[in-house]
Amino acid sequence: MSAAREMLCDTARAVFAEAATAGMAPIDEAGFGLLLVPEADGGFGGDWGDVNAVLQIAGVMVPDLPVAGLIAPDAVQPAATVSLMAGAMGQALALSIEHVNTRQQFGRPLGKFQAVQQSLAVMACEVRAVEAAAAALAARLDAVGFDPAAADFEMAAAKLRANRAVGVVTAIAHQVHGAIGFTAEYELNRVTIPLMRWRSEHGNDAYWAAKLGRQVSGLGGQGLWEALTAR
Amino acid sequence: MQGFALYPFDPPGDVAALRAELRAWLAVNQPQGDVVARANSWASFDADFSRALGTAGYIGMTLPTRYGGGDRHPLERYVVIEELLAAGAPVGAHWIADRQTGPLIVRYGSEEQRQRYLPGIAKGELYACIGLSEPGAGSDLAAVRTTARETAEGWRINGQKIWTTGAHFSHIMLALVRTEEGSERNAGLSQLLIDLDTPGITIRPIIDMAGNHDFNEVFFDDVLVSLGALVGTRGQGWQQVTAELGLERSGPERYLSSHALLAALIDAAGADPDAAVATLIGELTAEMWTLRQLSMSTAAKLAAGEDPMVEASVVKELGNAFEQDMPRRVQAIVDCPWDDPGDLGRLLRALLIASPSFSLRGGTREVIRGIIARGLGLR
């Protein structure tokens, strides 16, 4: 990550920490609405890679605030949602790892049991897939100047892939946490409930699968490969 | 496994031109093989095709030119490999030599080994197999018992390998053997490069459930090879093999070996598919696109000299699941009799039968998940 993006992320973490109790005001004041606005127009001049990084943090720290709506135009909200989801899934994985390495049963940490290890490996694969999808979509949006029409394939594929990971990630995260993860107090639900919500927002699985499926059908079998490698 | 950023996949040179040249070459030189063979690209043996591909400069691309290689960037090779697989080209004969044995000889081999083997590999004429599994050492590879004893004449090898893909057509085997007497587990192992026409070696076929002869049993009965057969450092075989497996696990073959089925499904669906078929195509495409991003990122990380052991395992785990699920999901939705003679029906049948092997070869699903768990800090 570039030094500039590193700084941006540090700022985001500090501002979102304040916003978690104060609401949108600190985020508005810090100028996150100007993230994508060109420097010439008085903005930050950021790219979608920056948006992806900031929204992954927002997905963990302020999942209930409309940060994505502040930063990104409506037409790219599906992409913004993928970034929120990638962040929240990363947090669900981190909490799960922390829990199974700490919680002891049968005289050893849960993470020493193969059944638990195998479950978390499955979950980690899903999280990595969504992180990769978010990053690849960001790269495409940057390559086409944030034009949603030119990134339609990637947006559909990434949102669909993220949606499909939600069930696996939330189920395993809760399963390895046991009862404590089901409490209102414990922080796991602060990422798993938003994940369930985001799956429905800006296109559920059926919406994107049908859209992408029809687009690909029009390309033909050979055409799909040619289209994929031409982008 | 802290965080995850996509490594930029940025091969030098004109990638579009590289693809275009290769596609034009394939249009002329790829045999009009059977559709099932095309779906089995990296297990399809065709010596003539391998020789032609080598002559055209598409094998041993990353090997140094002084050994007959192309001195190309590993990511240029990646582009070529994914094109060959997507086209269903019969690359099985030289596959292992090109993918892992050649690079391993460059990295660990002696000058004599490089001069002796690399030019043949780059020409697409010298094929290799990997001698890892044994009857008592499957997933538990550290249980290897085949021994090589150092004598005045050379290494004397006794033991047995099994599940050795392509041993029956290969010229050499890169074998993991126990060179240190009394050693246990992953200590005391070394890699030897063995010419398979050496006296005392017996190769017997094992026919798989699809009726194919891909793997073999290989017996070593007092086999004598020169001391120069040692690859790399004596006793460091485990470390060398582990590094090699990274090459084996993350390539585009982990999600493209069933690509012919996806293409056939799309073609059979036509431009205006019904809702269930469109949904399936959409879901499979999203997964394939994501896997390609992960695989390219892992290749870029490997090319940068890092060791993406965990990322490689993620690619293998997700790729295997994708390829195993695909024929099952197609079967569940597309009305196609078991003995349908069309392309889609034949591919479907062949891949349903072949698919159990996908999460066995190159490390079982359970072993791969164990590696990922270790990367997560759980073991």
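Residues numbered from 1 in each chain as written. Chains lettered and ligands numbered in written order. Predicted model: local features only at pLDDT ≥ 70, side-chain atom pairs only at ≥ 80, totals over all residues. Heavy atoms only, no water.

A.B. asks: Help me understand the overall build of chain B, please; the structure alone is not making it clear to me.
C.D. replies: When helices and strands are counted, chain B shows 13 helices and 8 strands. In terms of overall size, chain B behaves like a compact globule, its C-alpha atoms giving a radius of gyration of 21 Å where 379 residues would be expected to give roughly 21 Å. Each of the three principal axes of chain B carries a C-alpha extent, and together these read 70 × 45 × 40 Å. Counting the 379 residues in chain B, one finds 55% classified as buried. Put simply, 73% of the contacts in chain B that link residues at least 6 apart link residues at least 24 apart. For chain B, the accessible area works out to roughly 14,900 Å², and carbon and sulfur atoms hold 50% of it. (Helix = DSSP H or I, 4+ residues; strand = E, 2+ residues; numbered from the N terminus. Rg over C-alpha atoms; globule rule 2.2 N^0.38 Å. Buried < 20%, exposed > 50% of the residue type's maximum accessible area, 1.4 Å probe, protein only. Contact = heavy atoms within 4.5 Å. Areas by Shrake-Rupley, 256 points an atom, 1.4 Å probe, with all protein chains shown as cover.)

A.B. asks: So what exactly am I meant to see when it comes to the pattern of salt bridges here?
C.D. replies: Side chains carrying opposite charge are able to pair once their charged atoms draw close together. All names here are of chain B. Counted by the stated rule, this structure contains 35 salt bridges over all chains. When the shortest N-O distance is used, the salt bridge between E253 and R99 registers 2.5 Å. With a gap of 154 residues between them, E253 in helix α8 (residues 253-256) and R99 in helix α5 (residues 95-108) connect regions that are remote in the sequence. Across the pair, R99 and E253 agree in class, each one buried. Across the salt bridge formed by E134 and K161, the nearest N and O atoms sit 2.8 Å from each other. Residue E134 is located in the loop between β1 (128-131) and β2 (147-150), and its partner K161 is located in strand β3 (residues 155-162); the two are separated by 27 residues in the primary sequence. The pair formed by E134 and K161 is uniform in burial state, with each residue classed as buried. Within this structure, R19, R23, E82, E83 and R292 form a network of salt bridges that share partners. (Salt bridge = Lys/Arg side-chain N within 4 Å of Asp/Glu carboxyl O.)

A.B. asks: Would you mind going over the interface of chain A and chain B with me for this structure?
C.D. replies: Size of an interface, as often reported, equals the accessible area lost when the parts are brought together. If you look at the interface, chain A gives 43 residues, while chain B gives 46 residues. With both chains or domains summed, chain A and chain B bury close to 3,700 Å², and 69% of this area falls on carbon and sulfur atoms. Along the contact surface separating chain A from chain B lie 2 salt bridges. E287 of chain B is the partner of R161 of chain A in a salt bridge, and the nearest nitrogen-oxygen pair spans 2.5 Å. Those elements that place two or more of their residues in the side of chain A that touches chain B are α5 (77-102), α6 (114-143), α7 (152-177), α9 (205-219) and α10 (221-230) of chain A. It is α6 of chain A that provides the largest number of residues to the side of chain A that touches chain B, a total of 16 residues. By residue class, the composition of the side of chain A that touches chain B is 25 nonpolar, 9 polar and 9 charged. (Buried area = accessible area lost by both parts, 1.4 Å probe. Nonpolar A, V, L, I, M, F, W, Y, C, P; charged D, E, K, R; others polar.)

A.B. asks: Help me out: how do you make sense of the nonpolar core in this one?
C.D. replies: Within soluble globular proteins, side chains that are nonpolar generally end up buried alongside one another. In this structure, F16 and W48 of chain A are the most contacted members of the largest nonpolar core, which totals 155 residues. Of all the elements, α6 of chain A adds the most residues to this core, at 16 residues. Beyond its immediate chain neighbours, meaning those up to four positions away, F16 of chain A contacts I27, V54, I57, A58, M61, V62 and V67 of chain A. Within the second largest apolar cluster, 18 residues are counted, among which are A148, W155, V223 and V225 of chain B. (Core = buried A, V, L, I, M, F, W, Y, C linked by side-chain atoms within 4.5 Å.)

A.B. asks: Just checking my understanding: could you explain the packing of α7 of chain A against α9 of chain A for this structure?
C.D. replies: Helix-helix packing is characterised by the crossing angle of the two axes and by the distance between the axes. Residue and element names in this part refer to chain A. For the pair α7 and α9, the least separation of the axes is 9 Å and the interaxial angle reads 140°. As far as their axial angle goes, α9 and α7 are oblique. For the pair α7 and α9, the sense of crossing is left-handed. In this structure, α7 uses D152, F153, A156, A157, K159, L160, N163 and R164 to contact α9, whose residues at the interface are D205, W208, A209, L212, Q215 and V216. Each residue belonging to the contact of α7 with α9 can be placed in one class, and the counts come to 8 nonpolar, 2 polar and 4 charged. (Axes fitted to C-alpha atoms, helices over the stretch in contact; angles between N-to-C directions. Parallel < 35°, antiparallel > 145°, perpendicular 65-115°, else oblique. Left-handed = near helix turned anticlockwise from the far one by under 90°.)

A.B. asks: What's the story with the domain arrangement of chain B in this structure? I'm lost.
C.D. replies: Residues and elements named next belong to chain B. If you check the domain split of chain B, you get domain 1 (15-126), domain 2 (130-236) and domain 3 (250-375). One C-alpha centre belongs to domain 1, the other to domain 3; they are set 22 Å apart. With 17 residues of domain 1 in contact, the opposing surface of domain 3 contributes 20 residues. When domain 1 packs against domain 3, close to 1,600 Å² is buried across both sides, 66% of that on carbon and sulfur atoms. For the pair domain 1 and domain 3, the interface holds 3 salt bridges. Taken together, the links from domain 1 to domain 3 amount to 4 residue pairs in polar contact (both at pLDDT 80 or more). Every element with two or more residues in the side of domain 1 that touches domain 3 is listed here: α2 (35-38), α4 (74-87) and α5. (Domains from an automatic or database assignment. Polar contact = N/O pair within 3.5 Å; in protein donor to acceptor, adjacent residues only side chain to side chain.)

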